[in-house]
Structures are given as structure tokens and as C-alpha cells.
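# Examination of the molecular architecture
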Amino acid sequence: MSTVHVFACSGRFASWEVLQAYLAPAYTEDGDAVPSPFFLETGLTQYEPACIESALLAAPAPLAELLDGASYGDSWLAQASADADGQKVLADTAVCVFAPNQLAHPQRSSLHYVGSYHYELDG
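Residues numbered from 1 in each chain as written. Predicted model: local features only at pLDDT ≥ 70, side-chain atom pairs only at ≥ 80, totals over all residues. Heavy atoms only, no water.

Further remarks concern the pairing of strand β1 (residues 2–9). Here β1 lies mainly inside the structure; seven of its eight residues are buried. In the sheet, β1 pairs with strand β8 (residues 112–119) via seven bridges, with the strands oriented antiparallel. Following the sheet pairing, Thr 3 is matched in β8 by His 118. When β1 meets strand β6 (residues 91–98), the two strands line up antiparallel, connected through six bridges. When the bridges of β6 are listed, Val 4 appears paired with Phe 98. (Buried < 20%, exposed > 50% of the residue type's maximum accessible area, 1.4 Å probe, protein only. Helix = DSSP H or I, 4+ residues; strand = E, 2+ residues; numbered from the N terminus. Pairing = 2+ DSSP bridges.)

Given below as C-alpha cells:
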């Protein structure tokens, strides 16, 4: 079983580019990675960019709507949505961090940390 960490917020990112600048590392002229704000806040290691998914809508929505179509959603999205509803979370932005990415302290993110959920890999 693998783990996905789910984050949400509303009104913080004006565009997809601004969201990606927060999530993805930058690179120096020499090609050295410079950790993104998200990396620094959460202690992200084992970075695999294809295993970080994000969504950005024009208006706040329930997490289930925001993350409709997320990877492996059949095995974790219902629980994450229930948790978000219980926390009264409406968001226009969501971020899902899947394995092999590892987060040392996800709760330190400046985004709202909804929680971590186990999921089954297909097949």
C-alpha cells in the first residue's frame, strides 16, 4: 500500500503558473535544483514530479469535485472528501503528493493539510 498526502486552499494562487512556482523546484544556470517553498515547508524528499498532482478551479468547491479524476481516487478520495467536509473545507486549489515522494512534516505546509490516505496501485 502507498500513501497520498492531500492539501487544499482557497484564494491563494492567481494562476496555474503561480501554483507551479510554489510546488516545483527552480534550477540554477548550472542545472542545480533550488527547493520550492512547498519542498521546504513539507520536507519533501524522493522527488518524483509525475507523482504530484494539483488542481485549480475558478471558484471554491468541495474536495470531491476539485479532485475528481485524481489518480487512484477510488481507494482514497471518499475518505479525504469526508475529512475535508468535516473540516468545512471548500477550496479552489488542491495538491496530492503520491509515493515515492516523501514528506517529513506535511502539517507544516502553509496550505491546509487535509490528511494522508492509503491507496492501492491498480493491477
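Residue position: Leu 40 is located in helix α2 (residues 37–42). Separated by 69 residues in the primary sequence, Leu 40 and Ser 109 place their C-alpha atoms 8.7 Å from one another. What Leu 40 contacts, discounting residues up to four positions off in sequence, is Pro 35 and His 105. (Contact = heavy atoms within 4.5 Å.)

The sheet built from four strands is open, its strands ordered β5-β6-β1-β8 with antiparallel pairing. Strands at the two margins of the open sheet, each flanked by one partner only, are β5 (52–61) and β8. Strand-to-strand twist of the sheet, defined as the mean angle between neighbouring strand axes without regard to direction, takes the value 20 degrees. Those strands touched by helix α1 (residues 16–23) are β5 and β6, and its axis lies near 140 degrees from that of β5. (Axes fitted to C-alpha atoms, helices over the stretch in contact; angles between N-to-C directions.)

A word on the packing of aromatic side chains. Within this structure, the stated rule accounts for nine aromatic pairs. On the basis of an interplanar angle of 70 degrees and a centroid distance of 6.1 Å, the ring pair of Trp 76 and Phe 98 is categorised as edge-to-face. Residue Trp 76 is found in the loop between α3 (63–66) and α4 (77–86), and its partner Phe 98 is found in strand β6; the two are separated by 22 residues along the sequence. For the pair Trp 76 and Phe 98, a shared accessibility class is recorded, and that class is buried. One aromatic cluster is present, built from ring pairs that chain together Phe 7, Phe 13, Tyr 22, Phe 38 and Tyr 113. Positioned above the aromatic ring of Tyr 22 is the side chain of Arg 12, whose terminal nitrogen or guanidinium carbon lies 4.5 Å from the ring centre. (Phe/Tyr/Trp six-rings, centres within 6.5 Å; stacked < 30°, edge-to-face > 60°. Lys NZ or Arg CZ within 6 Å of the ring centre and 35° of its normal.)

To continue, consider α4. Regarding α4, the residues found buried are Leu 77, Ala 80, Ser 81 and Ala 84. One face of α4 carries all of its buried residues, which in axial projection span an arc of 100 degrees. Residues Ala 78 and Gly 86 are exposed on α4 and point more than 90 degrees away from its buried face. Turning to α4, the residues buried within the fold contact α3 and β8. Looking one or two residues beyond α4, the residue adopting positive phi is Lys 88, at roughly 60 degrees. (Arc of directions from axis to C-beta.)

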